[in-house]
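Spelled out, the chains give:
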Amino acid sequence: MTRYLQESDNEGPITRIARVASDLMSYPSVTGAELPVLEHVERLLKGMGWHTERWPISNDERFNVFAAPAGKSPTVVLTTHLDVVPAPERLWLPKVEGGALRGRGACDAKGIAAVMIEAADSLRQEGCADVGLLFVVGEETDSVGAKAAVPILRERGIRYIVNGEPTEGKLVVAQKGVLAGTIVIKGKPCHSGYPHLGTDANGFLVELAHALRRIDFGSHPVFGDATLNLGMIRGGSAGNVVSPSAEIAFWIRTVRSSLSSREPIERIVHETAQRFSGIEVGVEVQVVNDPLELEALPHFETTVFCGGSDISYYVESGARVLMFGPGSLHHAHTDDEHVTLQSLEEGYTAYRSICRTIMS
């Protein structure tokens, strides 16, 4: 594991944050392979004097890590995820360059995890026993960690959950919803010299894609415009074969009830299919999350979050939910993922302020 900073006796908060973040980033914890980073953060927190628990997911290699001041039951939890998306090898070697921490997870969300640890620990050392930490798995795919945590958070009587995502140092007052799924098309293959003997799944796919892009999914005075992404399109078997199958994976960032947004998708699929004899087509919906309006706090700049997050599930815990984090989603999932050291330092101050405000 590469470490770009070694611990020293006189390091300040920003140096400790950068060191802890770089250590976390050195683990390639792509979703589903989080065990080494979970064990690392567990050792780190225990070494700092925190009481830790493993909250189970599905097996011994996937769990959430919960931490609280020894003998205490916090009512405020700072939480973020430790899984990341895949990356080129070089991004697993974190570095500080140009006033920024760079590498996979810098802003999404291991830099945030490090800031939360430093902020919560500083409050603990000042005698505040009301703040806990929760680090979860699976946010980048199915939010399995957050889903598993919800009943425990509810049982523990957690009053506030502060979810960390790169929000440019602003409190999120609204998060767009998601309607995501796959449209599966089945045609009939034949020799491309005699296309009338087959049914062209790719031809249907092309017309359907154009039709989908013409749909107006609406707008909202708070959430803004809904957006459609046809993130994966594939089909066919060979250049000289009329295509037997095709599929489109779509993600809609919704601004009204996601359930009501199914209707235009299914209507357009049905209308397009009527122009093709022999086509079989189905819509498989995998993710449905409604847009959310969230709590704001005085003296914090606010924003609308256009990505998805675990907060869609934390709202079911009964706790009051906020979302905030240093860094920008514009840099997440890119080959230039980074977060400035200044924003990490500002995030440290902000998390402390958020905790003090909601506990007062």
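Residues numbered from 1 in each chain as written. Predicted model: local features only at pLDDT ≥ 70, side-chain atom pairs only at ≥ 80, totals over all residues. Heavy atoms only, no water.

A. Just the overall build of the protein, in detail. A count of helices and strands for the protein gives 8 helices and 18 strands. For the C-alpha atoms alone, the extent of the protein along its principal axes is close to 75 × 40 × 40 Å. Buried positions account for 52% of the 360 residues belonging to the protein. Residue pairs in contact within the protein that sit at least 24 positions apart in sequence constitute 79% of those at least 6 positions apart. Seen as two clouds, the 33 positive and the 45 negative side-chain charges of the protein have centres 1 Å apart. (Helix = DSSP H or I, 4+ residues; strand = E, 2+ residues; numbered from the N terminus. Buried < 20%, exposed > 50% of the residue type's maximum accessible area, 1.4 Å probe, protein only. Contact = heavy atoms within 4.5 Å. Lys, Arg positive; Asp, Glu negative; His and termini not counted. Charge placed at Lys NZ, Arg CZ, Asp CG, Glu CD.)

B. Up close: the pattern of salt bridges. Overall, the coordinates contain 16 salt bridges when judged by the stated rule. A salt bridge links Glu53 to Arg156, with the nearest nitrogen and oxygen atoms 2.7 Å apart. Note that Glu53 is positioned in strand S1 (residues 50-59) and Arg156 in helix H4 (residues 144-156), a separation of 103 residues in sequence. Across the pair Arg124 and Asp121 runs a salt bridge whose closest N-O atoms are separated by 2.6 Å. Highlighted residues: Arg124 and Asp121, both in helix H3 (residues 110-125), separated by 3 residues, approximately one helical turn. Of the residues examined, Asp121 reaches a relative accessible area of 7% and is grouped as buried. (Salt bridge = Lys/Arg side-chain N within 4 Å of Asp/Glu carboxyl O.)

C. Quick peek at the pairing of strand S7 (residues 160-163). Side chains Tyr160 and Val162 project from S7 onto one buried face, and the interleaved Ile161 and Asn163 project onto a second face that is buried too. Note: strand S3 (residues 76-81) against S7, 4 bridges, orientation parallel. By the bridge assignment for S7, Thr79 is matched with Asn163. With 4 bridges joining them, S7 and strand S17 (residues 320-323) adopt parallel strand pairing. By the bridge assignment for S17, Asn163 is matched with Met323. (Pairing = 2+ DSSP bridges.)

D. Looking closely at the nonpolar core. Ranked by internal contacts, the top residues of the largest apolar core, which has 54 residues, are Leu45, Leu78, Leu133, Tyr351 and Ile354. Per-element tally for this core: the top contributor is H3, with 9 residues. Discounting chain neighbours no more than four positions away, the residues touching Tyr351 are Leu78, Ile112, Val115, Met116, Ala119, Val162, Gly164, Phe324, Gly325 and Pro326. By size, the runner-up hydrophobic cluster in this structure holds 27 residues, among which are Ala174, Leu205, Leu212 and Ala246. (Core = buried A, V, L, I, M, F, W, Y, C linked by side-chain atoms within 4.5 Å.)

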